[in-house]
Amino acid sequence: CGTGLSSHEVAQGYRRVEDPSISVRMRIASDADSNYKQELPGKTALLTWTTTPWTLPANVALAVAADATYVEVEIEGERLIVAKDLAESAIGGDYRLVRGFPGADLIGLAYEPPYRLIDDPRAYRVHSADFVNMEEGTGIVHTAPAFGEDDYNLGREKDLPFFHPVDLSGKFTDEFPLCAGTFVKEADREIVDDLKERGLLYRYAPYEHDYPFCWRCDTPLLYYAMDSWYIKTTAVKDELIENNRKINWYPMHVGEGRLGDFLENLKDWALSRDRYWGTPLNLWVCDACGETVAVGSRKELVDLAIDPDLARTVELHRPYIDRVELRCPKCGGAMRRVPNVIDTWFDSGSMHTAQWHYPFENEDEFKENFPADFISEGVDQTRGWFYTLLATSTILYGLPAFKNCVVTGLGLDENGVKMSKSKGNVIDPWDLIGKYGADTLRWYLYSSSAPWKSKRLGEEDVKEPLYKFLDTLKNSYDFFALYASIDRFDPARDRGGAPTVLDRWILSRLSSTTAEVVAALDSYDVVSPAAALERFVDELSNWYIRTSRR
Ligand SMILES: [Zn+2]
Ligand SMILES: [Zn+2]
């Protein structure tokens, strides 16, 4: 949907997809600046590998592992260079090993890119990088700083030119004439065909891997280097990890594993969004001197505004807020708000404070309720709401925002497929509630398995507690109510008679069941209390009432 996403949003939407995987010849242009010298000029190529052919036009460098061994092999009269460990899988067929050498020898080698689209002496050379992976591919990594995080970092480190022939809607610009106007993922085919025609394609195979999709609109995501505003969460990484450990997670592995792993590999929080709707980012920048001010309240806005009357009454959303200009505290020039809004996960992650309109009012309520005793949400919120609550509270107060978290599993449809609004396989709980009653659905969710297990919401499963438990309870009550009203029983008056053995037994069962339920609920266990109550109701109906009837 044409906006930047933060890494915790990206983490929510990985899916298994099939993409083309290709290996491509990058012929050697010059060995003047490398230790490696070619024996067969014009017939020697570096073999590189990619699963995103559309990123090849933005290629500006190749990366190798300096301390790994690379080999030059001969096959059908041509020489190919790949990592030694990957030669067999990458080359295939009958090849002859010519010689081996360390990756460092290749550094500085100039090669002929598949598309020479920029004229820059820094481009189209071999560099060393520590992310070169020896598990798949060729050990020679195609690098396009505009389209990958590792690539981008390498580009900064080695001062590579930055070439970005794609617009914000994901289509190639005129800078790549072959596919100008085509959505990049749809250009794969055309690029592969073109490489094949020009004799650059060495191998083509379908490749299955995990690819991120937009959690909101389900289109494939593109890595796109763009300017954004960030919260430097990496500066409080240790505190985040420590605060995460203070939270009691049910189940434990969500905190230790899912969120723990995410925090170990923490990235800064990309906060700004290029949308219209949303909470406006509260940054004003001076036209004249570049001074930036983060406005923290309506009062600050009024104090700094060029037109205080406007600032006093203005609706704080776009487009109205954009009319408010501030007086630069440094040079007296006019400051304008940046056009962005903020990540909606920042709003939900601020609820511990924002729900009380703290610090502007309700200090007592805030202090009484922070941190929250308990929150509960679906497992898909681990890197969403759970993380953003933790991040904002750690930065503001140095504490986790909640003490206990019960993570619920996902609702699955009858076939065990995750329900989601966008797939249209959502079973409407109101239908089930209308048919079997709210308590039946509630009891099914409590009693069927721990809250964090995924649950099928098939009608057959959901209605079971009605016959097995709730009806028994209701019949027991009806039985009592019927005779109590016939006998005009009045609990205040009719307390006479010593309890029978059966009476004493059921009262004893009632108090031990109560103790069991309370103890389990105190430790956030709902399944065993449900089982204990089911046992009690069974004993009440099938033993106490049945045996007491004379
Ligand atoms: Zn989207
Ligand atoms: Zn200024």
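Residues numbered from 1 in each chain as written. Chains lettered and ligands numbered in written order. Predicted model: local features only at pLDDT ≥ 70, side-chain atom pairs only at ≥ 80, totals over all residues. Heavy atoms only, no water.

**Remarks on the coordination of the zinc ion (ligand 2)**
Phase 1: The coordination sphere of the zinc ion (ligand 2), as far as protein atoms go, consists of Cys286 (SG), Cys289 (SG), Cys328 (SG) and Cys331 (SG), spread over 2.2 to 2.4 Å.
Phase 2: In this structure, the zinc ion (ligand 2) is coordinated by four donor atoms arranged in tetrahedral fashion, with angles at the metal of 102 to 113°.
Phase 3: All donors to the zinc ion (ligand 2) come from one chain, and their sequence spacing reads C-x2-C-x38-C-x2-C. Here Cys286, found in strand β15 (residues 283-286), pairs with Cys328, found in the loop between β17 (326-327) and β18 (334-337); they are 42 residues apart in sequence, far enough to count as distant. Like Cys328, Cys286 is buried. (Donors = N, O, S within 2.8 Å, 3.2 Å for Na, K, Ca; no water. Tetrahedral: all angles 85-135°; square planar, octahedral: opposite > 155°, others 65-115°. Helix = DSSP H or I, 4+ residues; strand = E, 2+ residues; numbered from the N terminus. Buried < 20%, exposed > 50% of the residue type's maximum accessible area, 1.4 Å probe, protein only.)

**Structural notes on helix α16 (residues 501-522)**
Phase 1: Here α16 contains 22 residues, and its C-alpha end-to-end distance of 32 Å stays within 8% of the 32 Å for a straight helix at 1.5 Å per residue.
Phase 2: Buried within α16 we find Ile506, Arg509, Thr513, Val517 and Ala520. All buried residues of α16 fall inside an arc of 70° around its axis, so they share one side. In α16, the exposed positions that point more than 90 degrees away from the buried face belong to Val501, Arg504, Leu507 and Asp522.
Phase 3: Check the buried side of α16 and you find it contacts α17 (527-548).
Phase 4: Looking one or two residues past α16, Tyr524 carries a phi angle of roughly 60°, positive in sign. (Expected span 1.5 Å × (residues − 1). Arc of directions from axis to C-beta. Contact = heavy atoms within 4.5 Å.)

**Structural notes on the pairing of β18**
Phase 1: Residue alternation in β18 divides its side chains into a buried set, Met335 and Arg337, and an unburied set, Ala334 and Arg336.
Phase 2: Note: β15 against β18, three bridges, orientation antiparallel. Bridge pairing in β18 places Trp284 opposite Arg337.
Phase 3: For β17 and β18, the ladder comprises two bridges, and the chain directions are antiparallel. Bridging across to β18, Arg327 finds its partner in Ala334. (Pairing = 2+ DSSP bridges.)

**Focus: the packing of aromatic side chains**
Phase 1: The full count for this structure, using the stated rule, is 26 aromatic pairs.
Phase 2: Considering the side-chain rings of Tyr36 and Phe101, the 5.2 Å spacing of their centres and the 55° angle between planes classify their relative orientation as tilted. Remark: Phe101 occurs in strand β6 (residues 96-102) and Tyr36 occurs in the loop between β1 (14-30) and β2 (44-50); sequence separation between them is 65 residues. The same class applies to Tyr36 and to Phe101, which are both buried.
Phase 3: Taking 6.1 Å as the distance between ring centres and 80° as the angle between the ring planes, the aromatic pair formed by Phe480 and Phe489 counts as edge-to-face.
Phase 4: Within the aromatic cluster, the residues linked to one another by ring pairs are Trp249, Trp385, Phe386 and Phe402.
Phase 5: Lying across the ring of Tyr204, Arg189 places its NZ or CZ 5.4 Å from the centre. (Phe/Tyr/Trp six-rings, centres within 6.5 Å; stacked < 30°, edge-to-face > 60°. Lys NZ or Arg CZ within 6 Å of the ring centre and 35° of its normal.)

**What to know about the side chain of Thr143**
Phase 1: Residue position: Thr143 is located in strand β9 (residues 141-143).
Phase 2: Excluding its chain neighbours within four sequence positions, the residues that come into contact with Thr143 are Ala58, Asn59, Val60, Ala61, Leu62, Ala63, Asp151, Leu154 and Leu160.

**Looking at the sheet that holds strand β21 (residues 402-408)**
In sheet architecture, strand pairing relies on hydrogen bonds along the backbone and comes in two forms, parallel and antiparallel.
Phase 1: Taking strand neighbours across the sheet as the criterion, the three strands line up as β12-β21-β20 in an open arrangement whose pairing is parallel. The open sheet has two edge strands with one neighbour each: β12 (248-250) and β20 (372-378). On average, each strand axis in the sheet is tilted by 15° relative to the strand beside it, whichever way the strands run.
Phase 2: Pairing analysis gives three bridges linking β12 to β21, with the strands arranged parallel. Across the sheet, residue Trp249 finds its bridge partner in β21, namely Cys405.
Phase 3: Against the sheet, helix α6 (residues 252-264) touches β12 and β21, its axis set at about 100° to β12. (Axes fitted to C-alpha atoms, helices over the stretch in contact; angles between N-to-C directions.)

**A word on a nonpolar patch on the surface**
Phase 1: A surface patch of nonpolar side chains, about 340 Å² in accessible area, is lined by Tyr477, Phe480 and Phe489.
Phase 2: Within the secondary structure, Tyr477 sits in helix α15 (residues 459-486). (Patch = residues over 30% accessible without salt bridge, like charges linked within 9 Å, V, L, I, M, F, W, Y side chains within 5 Å. Areas by Shrake-Rupley, 256 points an atom, 1.4 Å probe, with all protein chains shown as cover. Salt bridge = Lys/Arg side-chain N within 4 Å of Asp/Glu carboxyl O.)

**A few points about the sheet that holds strand β16 (residues 292-294)**
Phase 1: Taken in spatial order, the four strands make up an open sheet running β16-β15-β18-β17, and their pairing is antiparallel. Taken across any chain shown, the strands that pair with only one partner, and hence form the sheet edges, are β16 and β17.

**Quick notes on the layout of surface pockets**
Phase 1: Roughly 1800 Å³ of internal volume is contained in the second largest pocket.
Phase 2: Forming the walls of the second largest pocket are 50 residues, and the residues nearest its centre are Asp380, Leu410, Gly411, Lys418 and Met419.
Phase 3: Residues belonging to the lining of the second largest pocket are distributed by class as follows: 24 nonpolar, twelve polar and 14 charged. (1 Å grid on protein atoms, 1.4 Å probe; cavity = no way out; pocket = protein on both sides within 12 Å on 5 of 7 lines; lining within 4 Å. Points joined across faces, edges and corners; volume = space filled by probe spheres on them. Nonpolar A, V, L, I, M, F, W, Y, C, P; charged D, E, K, R; others polar.)

**Considering the pattern of salt bridges**
Two side chains carrying opposite charge are able to pair once their charged atoms lie near each other.
Phase 1: Under the criterion given, the structure shown has 33 salt bridges.
Phase 2: With a shortest N-O distance of 3.3 Å, Asp373 and Lys403 are connected by a salt bridge. Residue Asp373 is found in strand β20, and its partner Lys403 is found in strand β21; the two are separated by 30 residues along the sequence.
Phase 3: By relative accessible area, Lys403 is classed as partly exposed at 40%.
Phase 4: One network of salt bridges, with partners in common, ties together Glu39, Glu72, Glu74, Arg79, Arg96 and Arg99.

**Quick notes on the domain arrangement of the protein chain**
Phase 1: If you check the domain split of the protein chain, you get domain 1 (15-212), domain 2 (230-271 + 344-408), domain 3 (282-339) and domain 4 (429-548).
Phase 2: The distance between the C-alpha centroids of domain 1 and domain 2 comes to 41 Å. (Domains from an automatic or database assignment.)

**A word on a negative patch on the surface**
Phase 1: Judged by side-chain charge, Asp238, Glu239, Glu242, Asp261 and Glu264 come together as a negatively charged surface patch.
Phase 2: Of all the secondary structure elements, the ones that give two or more residues to the negative patch are α5 (237-246) and α6.
Phase 3: The element contributing the most residues to the negative patch is α5, with three residues.
Phase 4: With respect to the element layout, Glu264 can be found in helix α6.
Phase 5: Owing to a relative accessible area of 42%, Glu264 belongs among the partly exposed residues under this scheme. (Lys, Arg positive; Asp, Glu negative; His and termini not counted. Charge placed at Lys NZ, Arg CZ, Asp CG, Glu CD.)

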